[in-house]
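What the coordinates show
Here's the letter readout for the chains.
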Amino acid sequence: MQPEIHICCDNEAVAAAFADWFAEWAGGKGKVTVALSGGSTPKALFRILAEQYEDKIDWKKIRFFWGDERCVLPNDQESNYGMTQDLLLRHIDIPLANIHRIKGEDNPKQEAERYGELIREHVKMEDGYPVFDLIILGMGSDGHTASIFPHEKELLMAESICAVATHPETGQKRITLTGPVINRAQQVVFLVTGASKTDKLRQIIREEGDWLSYPAAHIRPLSGKLDWFLDEAAAAEL
Ligand code: 6PG
């Protein structure tokens with residue numbers, strides 16, 4: 001299935017467009033499992049959801065997970081959970097039991113195993129793999145996604161649900177969903193904005209240059225749908 005590409009003028013417009021898409025998507029479903037991305041791109045989205053969709057979405061139907069987390073304390077400024085809690089979760093009526101953070105403060109290997117088991121417990125399983133209803137991803141300027149970096153592309157084929165990853169520049173340990181789990185989601189959405197992503201995005205979407213060396217290029221849902229929400233800067237060379 002060909003990915004659907006949505007282009008908006010800037011990061012705020014991407015966030016607004018995807019918030020609207022998300023509300024319609026969730027509104028048409030019962031209970032759903034959603035894995036969130038981290039980094040800076042989703043911040044505008046979380047603010048808009050908190051400010052404008054607090055009472056437009058039945059948050060009790062949604063179970064939140066993370067596609068990846070930095071191995072830091074939850075109150076560390078680097079924490080994807082901490083950022084989401086600050087910008088979204090504390091503003092909406094969602095049961096605490098529906099929020100499944102990755103415990104970045106714990107031993108990475110043990111946490112990757114624990115989180116994988118927790119996902120098995122709460123996410124629909126098919127052929128031995130969890131099938132998330134929605135996985136939201138970002139893309140780094142090096143073409144990484146979740147915390148699958150170009151130097152660790154083996155995580156795209158890992159048999160485990162979660163794995164320990166290492167940031168190529170800082171050496172920071174991360175916990176990430178693996179490629180087979182991401183590619184089994186019913187729906188995957190990339191939110192990619194900014195001129196720093198333009199070059200890799202062109203290669204990936206056009207399947208040219210070194211596109212296969214970028215993990216984001218390998219996100220092709222086996223049976224699910226893939227959408228890209230881009231701003232004009234990131235999409236400038238498409
Ligand atoms: C993370 C993310 C990561 C992110 C990309 C893009 O933990 O950092 O999950 O995959 O989506 O690095 O980050 P920006 O949105 O900050 O450009």
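It should be noted that the structure appears before, not after, this text.
Residues numbered from 1 in each chain as written. Predicted model: local features only at pLDDT ≥ 70, side-chain atom pairs only at ≥ 80, totals over all residues. Heavy atoms only, no water.

Further remarks concern the packing of aromatic side chains. Within this structure, the stated rule accounts for 12 aromatic pairs. Ring centres of F65 and F132 lie 5.4 Å apart, and the angle between their planes is 80 degrees; on these two criteria the pair is classed as edge-to-face. Of the two residues, F65 sits in strand β3 (residues 62-66) while F132 sits in the loop between β6 (129-130) and β7 (134-137), which places them 67 residues apart along the sequence. Assessed through its relative accessible area of 0%, F132 is described here as buried. Above the face of the Y53 ring, K56 is positioned so that its terminal group lies 5.3 Å from the ring centre. Over the aromatic face of Y81 sits the side chain of R101, whose NZ or CZ is 5.6 Å from the ring centroid. (Phe/Tyr/Trp six-rings, centres within 6.5 Å; stacked < 30°, edge-to-face > 60°. Helix = DSSP H or I, 4+ residues; strand = E, 2+ residues; numbered from the N terminus. Buried < 20%, exposed > 50% of the residue type's maximum accessible area, 1.4 Å probe, protein only. Lys NZ or Arg CZ within 6 Å of the ring centre and 35° of its normal.)

In the vicinity of the ligand there are 15 residues, among which S40, T41, D68, R70 and A146 approach most closely. In the environment of the ligand, an oxygen atom lies 2.6 Å from a nitrogen or oxygen atom belonging to the side chain of T41. Compared with its free state, where it exposes 410 Å², the ligand has 87% of that area covered by protein. When atom positions are compared with the pocket grids, the ligand is found to occupy the largest pocket. (Near = heavy atom within 4 Å. Polar contact = N/O pair within 3.5 Å; in protein donor to acceptor, adjacent residues only side chain to side chain. Areas by Shrake-Rupley, 256 points an atom, 1.4 Å probe, with all protein chains shown as cover. 1 Å grid on protein atoms, 1.4 Å probe; cavity = no way out; pocket = protein on both sides within 12 Å on 5 of 7 lines; lining within 4 Å. Sits in = over half its atoms within 2 Å of the grid points.)

We now examine the sheet that holds strand β4 (residues 68-70). Across the sheet, which stays open at both edges, the 3 strands sit in the order β4-β9-β8 with antiparallel pairing between neighbours. Here the strands that pair on one side only, and so sit at the sheet edges, are β4 and β8 (162-166). In this sheet, neighbouring strand axes are inclined to one another by 25 degrees on average, regardless of whether the strands run parallel or antiparallel. Pairing of β4 with strand β9 (residues 173-177) involves 3 bridges; the strand directions are antiparallel. The residue bridging E69 from the neighbouring strand is I175, located in β9. Lying over the sheet, helix α4 (residues 108-122) contacts β8 and β9, oriented at roughly 145 degrees with respect to β8. (Pairing = 2+ DSSP bridges. Axes fitted to C-alpha atoms, helices over the stretch in contact; angles between N-to-C directions. Contact = heavy atoms within 4.5 Å.)

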